[in-house]
Amino acid sequence: TTVHRFSITPLLKEVQKTLKISDAEIWTSSISASIGTIVMRFLLGPFCDKYGPRIPMGIILFCSACPTALTGFVSSASGLTVLRFFIGIGGSTFVMCQYWTTRMFTKEWVGTANATVAGWGNLGGGTTQIIVGSLLFPMLKAIYGGNAEKAWRTACVVPAILGLVTSYSVVKFSDDCPTGNYSKLKKNNKMENISAVSSLKDGALNLNTWLLFIQYACCFGVEITMNNASALYFSQKFELSTEKAAMAASIFGWMNIFARGCGGYISDKMNVCLGMRGRLLWQSFVLICEGSLVIIFAHAQTLPLSLGILVFFSMFVQAAEGSTYGIVPYVNPKTTGSISGIIGAGGNVGAVVFGVFFREFEPKTAFILMGIVIISSSLLSLLISIHGHVKLFLRVDKTAKIKEEMPFRNQSNNKDTDISSPGSKATDIESISSPTSKDYEILDTSGASCVTPKKMYFPISNSTLADDAQI
C-alpha cells in the first residue's frame, strides 16, 4: 500500500505543470491522503480484534488499488484531492500488518518483528520514488515521444496491478494466526468472540494509547511528510529534474531496509537490560536525535550536505517508529488491535499537522517547527505508565501481577487453545511447559522489572507422565 500511496508523489511536479495548480493545492491533496488513512485506522483496529487481519487486509488492498489505477483521469486540483483521499485508505493496512506480527511473535521479540515488517513495508515509499519517478516515468516518456503528460497519467497503472495481485494472495494463502483463521477457531469454540465496540472503548480510554499516539505522530507523521515533500523540495531548492529529484528523495525511504528494524531490536535489548524503562529511554533518545537533525537539515545549503543529513535524519525517524511499536503490545494485550489502530492513526494525524506547516510556511520554517514539535514529544515518555512495568524514573508496583494469560496446547486431549485470542486463558499444562500468569510475580530489582517463577515445568512426552506433573 505504500507503493499505492506514494506512486504519484515523484510525479507531482509534472502533475502541477499539467493541471496548473499551486503548491498549496498540492499540499491539500497530500493532507487528504492522510485523512483517509486516519479514519480507516481507527475503524480497522477493533475489526482485527474481532475478525482477524487477513480479510480486512485483502479488502483494503483491493480498495486502494482501484483509485490508484484511475490516477491518469485526474483533471483538476479538487479531483486530485478526492483521488488521493481514497488511495490514502490503503495506508490503514498498517494496522493489520502490526496486529499480525504481534500475534505471531512473543513479546520479548515483538519490537524487532513489528519494526522489521513495518520497515520493509515503508520501504515501498523509497522504492516507489525510484520505480515510478526514475524508471517508469522516463521509460513511458520515451515511448510516448517525450510527452510527459501521457507518461505520468499511465505510470500509476503498474502499482495498481501489483496491489490487486497482493490482495488476492493475502486472502487466498494466508492465515489470521498460527492456529488458523479466526472464523474457524470461533466456530470450533477455540477462541473467545469479543466485541469490536468494547475493544475500541478499552483502547481509547487508556492514557498510554494517546501518549504513544502523539509520539508516533512525530515519527511516522514525519516520514509521510518527507515522502510527500522531498521530491518537490529538491526539485525547487536545487533545481533538479523530476528524475533526479525522485532519486534524491528515495534515500529517505531506503533507510527502512534496516533502520526501523534496528529501532525495534535495540528496544528489545534495552528491555532485557532495564525492563520497560529501557524501552522508554530509547524512545526518548531517538525522538530527540530525530528532531535535532530535521532542524539541521533545514539549514543545509548544498545538495551533498542535505543528502548526508537526510540519511541520518531518516535513520532516527525509522528507529523511533520501531521503538514505538516495541511498546504498543504491552499497553493492553486484550485490545492490541484497537490500540495499534489508534496509535497508527497518530502517524497520519502528524502528517496532516506537518502538511499544514508546509502549506502555510516556507519549507525552512516548516522544517524548524517540525523539529521543535518532535523534540517536545520526547518528554511524553515521562508520563507513560504501563501496569506491572517500571516507569521512566519511578519504581514498579511490587504487588503488580502479569495480566496476560499464556495460551497452550493440551497434548493429552489434542485440543488447541487459541494462541492469538487476547482473551484466551490457560487451564491445563502445555506439553512443552507453558505456565500461566498465576505462576509469575513481578519483583523490583534496582528499578527494573524482574519476572520470577513460582512453579517450574519441564517437557512432557506423550503419556509418559501425568498432565499435571511439575517440579
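This is a predicted model, so every value here is computed, not measured.

K.L.:
With reference to specific residues and values, describe the pattern of salt bridges.
P.N.:
Under the defined criterion, the tally for this structure stands at five salt bridges. In this structure, Glu149 and Arg153 form a salt bridge, with 3.1 Å as the shortest nitrogen-oxygen distance. Of this pair, Glu149 and Arg153 are both found in helix H8 (residues 148–155), four residues apart, which corresponds to roughly one turn of the helix.

K.L.:
Please set out the side chain of Gln318 residue by residue, giving values where relevant.
P.N.:
Note on placement: Gln318 falls in helix H17 (residues 303–331). A polar atom in the side chain of Gln318 sits 3.4 Å from the backbone oxygen of Phe252. Separated by 2.9 Å, the side chains of Gln318 and Ser314 make a polar contact.

K.L.:
Quick rundown of H8? Include the residues and the values.
P.N.:
Of the residues making up H8, those classed as buried are Ala148, Ala151, Trp152 and Ala155. Projected onto a plane normal to the axis of H8, the buried residues spread over an arc of 90 degrees and lie on a single side. With a side-chain oxygen lying 3.1 Å from the backbone nitrogen of Glu149, the N-terminal cap of H8 falls on Asn147.

K.L.:
Before we move on, can you summarise the state of the cysteines with the specific residues and values?
P.N.:
Evaluated as defined, the whole model comprises zero disulfides. The thiol of Cys66 is not disulfide-bonded; the next cysteine sulfur, from Cys63, is found 6.9 Å away. Taking relative accessible area as the criterion, Cys66 reaches 32% and is therefore assigned partly exposed. Unpaired in terms of disulfides, Cys219 finds its nearest cysteine sulfur in Cys218, a separation of 7.5 Å.

K.L.:
I'd like to hear about a nonpolar patch on the surface, residue by residue, with values.
P.N.:
Taken together, the side chains of Leu274, Leu281, Leu379, Leu382, Leu383 and Phe393 make up a nonpolar region of the molecular surface, amounting to roughly 590 Å² of accessible area. Note on placement: Leu379 falls in the loop between helix H19 (363–377) and strand S1 (409–410). Taking relative accessible area as the criterion, Leu379 reaches 56% and is therefore assigned exposed.

K.L.:
How would you summarise the packing of helix H3 (residues 23–51) against helix H5 (residues 77–88) if you had to cite specific residues and measurements?
P.N.:
Contact pair H3 / H5: the axes reach a minimum separation of 7 Å and the direction vectors enclose 25 degrees. Here H3 is positioned roughly parallel relative to H5, judged by the angle of their axes. The hand of the H3/H5 crossing is right-handed. Facing Glu25, Ile26, Thr28, Ser29, Ser30, Ser32, Ala33, Ile35, Gly36 and Thr37 of H3, the residues of H5 in contact are Ala77, Leu80, Thr81, Arg84, Phe85 and Gly88. When grouped by side-chain class, the residues that make up the contact of H3 with H5 number six nonpolar, eight polar and two charged.

K.L.:
If you had to explain the packing of aromatic side chains to someone new, which residues and values would you point to?
P.N.:
Within the structure shown, the criterion is met by 22 aromatic pairs. Here the aromatic rings of Tyr168 and Phe173 are separated by 6.4 Å at their centres, their planes lie at 90 degrees, and the arrangement is edge-to-face. Comparing Tyr168 with Phe173, the two get one shared label, exposed. In textbook terms, an aromatic cluster arises when at least three aromatic residues are bridged by ring pairs, as seen for Trp27, Tyr233, Phe234, Phe238, Phe252, Phe297, Phe313, Phe358 and Phe367. Positioned above the aromatic ring of Phe238, the side-chain terminus of Lys237 is 5.7 Å from the ring centre.

K.L.:
Go over the nonpolar core with me, naming the residues and quoting the values.
P.N.:
Soluble globular proteins: nonpolar side chains tend toward being buried together. Counting 58 residues, the largest nonpolar core has Val222, Met226, Phe234, Phe297, Phe313, Phe367 and Met370 as the members making the most contacts within it. Those elements giving two or more residues to this core turn out to be helix H12 (207–217), helix H13 (220–237), helix H14 (242–254), helix H16 (276–298), H17, helix H18 (336–360) and H19. Examining the composition of this core, we find that 12 residues originate from one element, H17, more than from any other. The contacts of Met226, once residues within four sequence positions are left out, are Phe252, Phe297, Leu310, Phe313, Phe367 and Met370. Core analysis: the next-biggest nonpolar cluster, separate from the first, contains 22 residues, Ile26, Val132, Leu136 and Leu232 among them.

K.L.:
Describe the packing of H13 against H19, listing the residues and the values that go with them.
P.N.:
Orientation of H13 relative to H19, taken along the N-to-C sense of each, is 165 degrees, at an axis distance of 13 Å. In terms of axis orientation, H13 runs roughly antiparallel to H19. In this structure, H13 crosses over H19, and the sense of that crossing is left-handed. Note on element contacts: H19 touches H13 through Pro363, Phe367, Met370 and Ile374, opposite Val222, Thr225, Met226 and Tyr233.

K.L.:
Let's hear about the environment of Ser340: which residues, and what values?
P.N.:
By the secondary structure assignment, Ser340 is in helix H18. Residue class for Ser340 comes out buried when judged on its relative accessible area of 1%. For the pair Ser340 and Arg41, spaced 299 residues apart in sequence, the C-alpha to C-alpha distance is 8.5 Å. The contacts of Ser340, once residues within four sequence positions are left out, are Val95, Gln98, Tyr325 and Val328.

K.L.:
Pulling in residues and values, what's your account of helix H6 (residues 93–104)?
P.N.:
With 12 residues, H6 extends 17 Å from end C-alpha to end C-alpha; this agrees with the ideal 16 Å at 1.5 Å per step. Along H6, 11 of the 12 residues are buried, which leaves the element largely enclosed by surrounding structure. Looking at H6, one finds that the buried residues are Thr93, Phe94, Val95, Met96, Cys97, Gln98, Tyr99, Trp100, Thr101, Thr102 and Arg103.

K.L.:
Account for the confidence of the model for the protein, with residues named and values stated.
P.N.:
Confidence along the protein averages 80 in pLDDT terms, with 83% of residues attaining 70 or more. Between residues 397–471, whose pLDDT stays under 50, and residues either more than four places distant or in other chains, the model counts 134 contacts.

Rules used throughout
Residues numbered from 1 in each chain as written. Predicted model: local features only at pLDDT ≥ 70, side-chain atom pairs only at ≥ 80, totals over all residues. Heavy atoms only, no water. Salt bridge = Lys/Arg side-chain N within 4 Å of Asp/Glu carboxyl O. Helix = DSSP H or I, 4+ residues; strand = E, 2+ residues; numbered from the N terminus. Polar contact = N/O pair within 3.5 Å; in protein donor to acceptor, adjacent residues only side chain to side chain. Buried < 20%, exposed > 50% of the residue type's maximum accessible area, 1.4 Å probe, protein only. Arc of directions from axis to C-beta. Disulfide = S-S within 2.5 Å. Patch = residues over 30% accessible without salt bridge, like charges linked within 9 Å, V, L, I, M, F, W, Y side chains within 5 Å. Areas by Shrake-Rupley, 256 points an atom, 1.4 Å probe, with all protein chains shown as cover. Axes fitted to C-alpha atoms, helices over the stretch in contact; angles between N-to-C directions. Parallel < 35°, antiparallel > 145°, perpendicular 65-115°, else oblique. Left-handed = near helix turned anticlockwise from the far one by under 90°. Contact = heavy atoms within 4.5 Å. Nonpolar A, V, L, I, M, F, W, Y, C, P; charged D, E, K, R; others polar. Phe/Tyr/Trp six-rings, centres within 6.5 Å; stacked < 30°, edge-to-face > 60°. Lys NZ or Arg CZ within 6 Å of the ring centre and 35° of its normal. Core = buried A, V, L, I, M, F, W, Y, C linked by side-chain atoms within 4.5 Å. Expected span 1.5 Å × (residues − 1). pLDDT = per-residue confidence, 0-100.

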